[in-house]
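Survey of secondary and tertiary structure
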Amino acid sequence: MNLTLSHRAQSAKPSLVREILKVTEHPEILSFAGGLPAPELFPIEAMAAAHAEVFAQEGKAALQYSTTEGLPGLRAWLVDRLRSHGVTTDVESTLITSGSQQGIDLAARVLIDPGTVVAVEEPSYLAALQAFEGYGARFASVASDDDGMCVDQLEALVEREKVRVIYLVPCFQNPKGTTLTLERRIRLLEIATKHGIAIIEDDPYGELRFRGEHLPSLLALDGHGVVLRLSSFSKTLAPGLRIGFANGPREVIRAMAVAKQSCDLHTSSLSQRALHRLLQTFDFEGHLTVLRQTYGHRCTTMLTSLARHMPAGTHWTRPDGGMFVWLQLPNEIRAEDLFADAIADKVAFVPGSSFFANEKHYDFMRLNFSNCQPASIEEGMARLGRVVTNATAPAWQGQTHASPFSVRL
Ligand SMILES: Cc1ncc(COP(=O)(O)O)c(C=O)c1O
């Protein structure tokens, strides 16, 4: 029997990136496609001990239903930490979410109606675009450069397009790895405040700075209650925990909590309690230092390997943190057209076109550096450099692959 799916389900497109990841999971492939943290740095023993303590000392509460807003002790810990980063917030303005992806979805539920115009930087985090689209958002594109969103384009845009929400990843952006400058942060807040626009600051990577000066978050700079900040322990501890958090104006947080009641009642009490215990005794700062050093080294290895192996005319970003480099191919070569050759050479990347909300650009790829050892990064960039160099050779011109993702190994 064919059941009728809702219009929303019928129009939802599967993520191309998730489809690509299925192809790139083969163990022989050096994959720079996923957005995965380094699993060897997960604090497994400390996490196991924290869970064991929870079972021994508060097992009944940990396995019982709990409040939608999240564990008060964990929220209080977050408030203290955010205060140390210059954010004025309190427990009532803090909501625990099941990863920051749920924060994005809840933000969309409470801020977006069908037809609401959301200004997004181009390119943007794909799964946020998908979530917003699901609630009927219309996207207004704002260009970006090496300093993040080109905020100077916003003033004219917000008046012309009646923008109601601005979504961006200001730190070590996914997919570009770039960071919004302090001057642009201040200007962005001025524009949003003047026009009464909500800013969704998606910041899961902010703690992963391995170069340069810390910048205040938009939430820390917000004097008028226009910023909703989403973050997560996925990149700082482990994504399998599925614990994120949202901070912002109380009425928005309250509305998000009501919306959350209808999707998952609450984030796992067991995970929240184990995380809270872990944070009491575990050297979280020391752990962040190791992550920053490791990712900084991997990023540097990727940048120097790209310089060694990529042909002239190839450009890439130079991130100060996070997990991604964004590469532009020479001669307007389409990244999709290289995918089959790359897989044949046992190296994988994500073609960049899916990250554009409106007009697609095809000559970009996203490369992840956090989930590969330096020697594999060097080898992987050598393979990728070969693929790109071959594509720039005259004999390649005109060749096409019927379906770049139909490759099987
Ligand atoms: C910009 C951005 N926001 C949100 C998320 C979702 O992260 P989480 O695991 O906290 O749901 C990701 C994950 O890659 C991301 O890159």
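Cut-off values and rules
Residues numbered from 1 in each chain as written. Predicted model: local features only at pLDDT ≥ 70, side-chain atom pairs only at ≥ 80, totals over all residues. Axes fitted to C-alpha atoms, helices over the stretch in contact; angles between N-to-C directions. Helix = DSSP H or I, 4+ residues; strand = E, 2+ residues; numbered from the N terminus. Parallel < 35°, antiparallel > 145°, perpendicular 65-115°, else oblique. Left-handed = near helix turned anticlockwise from the far one by under 90°. Contact = placed C-beta atoms within 7 Å. Nonpolar A, V, L, I, M, F, W, Y, C, P; charged D, E, K, R; others polar. Domains from an automatic or database assignment. Near = placed C-beta within 6 Å. Expected span 1.5 Å × (residues − 1). Bend = angle between axes of the 7 residues up to and from the residue. Buried ≥ 20, exposed ≤ 12 C-beta atoms within 10 Å, placed from the backbone. Pairing = 2+ DSSP bridges.

What to know about the packing of helix H5 (residues 99-111) against helix H6 (residues 126-134)
Helix packing for two helices is described by the angle between their axes and how far apart those axes are. It is at 9 Å that the axes of H5 and H6 come closest, and there the two elements cross at 30°. With respect to each other, H5 and H6 are oriented roughly parallel. Handedness of the H5/H6 crossing: right-handed. Along the contact surface, H5 presents Gln-101, Ile-104, Asp-105 and Ala-108, while H6 presents Ala-127, Ala-128, Ala-131 and Phe-132. Residues that form the contact of H5 with H6 fall into these classes: six nonpolar, one polar and one charged.

Overview of the domain arrangement of the protein chain
Often the size quoted for an interface is simply the accessible area lost on bringing the parts together. In terms of domain boundaries, the protein chain breaks down into domain 1 (7-43 + 286-395) and domain 2 (44-281). A C-alpha centroid distance of 25 Å is found between domain 1 and domain 2. Taken together, the elements giving at least two residues each to the side of domain 1 that touches domain 2 come down to helix H12 (284-309) and strand E11 (324-328). Residues of the side of domain 1 that touches domain 2, tallied by class, amount to 17 nonpolar, 10 polar and four charged.

Topic: the site of the ligand
Taken together, the neighbourhood of the ligand is formed by 13 residues, with Gly-99, Ser-100, Gln-101, Ser-232 and Ser-234 sitting nearest. In terms of residue class, the shell around the ligand is built from four nonpolar, eight polar and one charged.

Side note on helix H3 (residues 44-63)
Across its 20 residues, H3 extends only 21 Å between first and last C-alpha, which sits more than 12% below the 28 Å expected from 1.5 Å per residue. Helix geometry: H3 is bent most strongly at Gln-57, by close to 90°. Of all the positions in H3, only Met-47, Ala-50 and Val-54 are classed as buried.

So, unusual backbone geometry
The linkage connecting Glu-122 with the following residue, Pro-123, adopts the cis geometry, with an omega of -5°. Topologically, Pro-123 is positioned in the loop between strand E3 (117-122) and H6. With omega at 20°, the peptide bond leading from Asn-174 into Pro-175 counts as cis. Residue position: Pro-175 is located in the loop between strand E6 (163-168) and helix H8 (182-195).

Focus: the sheet that holds E3
The eight strands lie next to each other as E2-E9-E8-E7-E6-E3-E4-E5, forming an open sheet whose pairing is mixed. Among the strands making up the open sheet, the edge pair consists of strand E2 (94-97) and strand E5 (148-149). Examined bridge by bridge, E3 and E6 share four bridges and lie parallel to one another. From the neighbouring strand, Val-120 faces E6, where its bridge partner is Tyr-167.

Brief notes about the sheet that holds strand E14 (residues 364-368)
Taken together, the four strands give an open sheet; going across it, the order is E10-E11-E14-E13, and neighbouring strands pair in antiparallel fashion. What marks the edges here is a single partner per strand, and that holds for strand E10 (315-316) and strand E13 (350-351). The sheet contact formed by E10 and E11 spans two bridges and is antiparallel. Paired with Trp-316 across the two strands is Leu-327, which belongs to E11.

Some words on the pairing of E14
Of all five residues making up E14, five are buried, and the element is well covered by its neighbours. Burial along E14 is two-sided: the face carrying Phe-364, Arg-366 and Asn-368 and the face carrying Met-365 and Leu-367 are both buried. Of the strand pairs in this sheet, E11 and E14 are connected by five bridges, and their pairing is antiparallel. Each residue of the ladder has a partner; that of Trp-326, found in E14, is Arg-366.

Overview of H12
In this model, H12 (26 residues) spans 37 Å end to end at C-alpha, consistent with the 38 Å of a helix rising 1.5 Å per residue. Taken residue by residue, H12 has Leu-291, Tyr-295, Arg-298, Cys-299, Met-302, Ser-305 and Leu-306 as its buried positions.

Quick look at the environment of Ser-269
Its location among the elements puts Ser-269 in helix H11 (residues 269-281). According to the C-beta neighbour criterion, Ser-269 is partly exposed, with 19 such atoms within 10 Å. C-alpha separation for the pair Ser-269 and Gly-70, spaced 199 residues apart in sequence, amounts to 8.0 Å. Among residues more than four places away in sequence, those in contact with Ser-269 are Ala-61, Ala-62, Gln-64 and Ser-66.

So, the pairing of strand E4 (residues 138-145)
Where E3 meets E4, six bridges bridge the pair, whose relative direction is parallel. When the sheet's bridge partners are listed, Val-120 is paired in E4 with Ser-141. Turn length for the E4-E5 hairpin, with the two strands adjacent in sequence and antiparallel, is two residues.

A short note on the packing of helix H7 (residues 154-161) against H8
At a minimum axis separation of 10 Å, H7 and H8 run at an interaxial angle of 25°. Classified by the angle their axes make, H7 and H8 are roughly parallel. The handedness of the crossing between H7 and H8 is right-handed. Counting all contacts with H7, which are made through Leu-154, Glu-155 and Val-158, the residues of H8 involved are Leu-188, Ile-191 and His-195. Partitioning the contact of H7 with H8 into residue classes produces four nonpolar, one polar and one charged.

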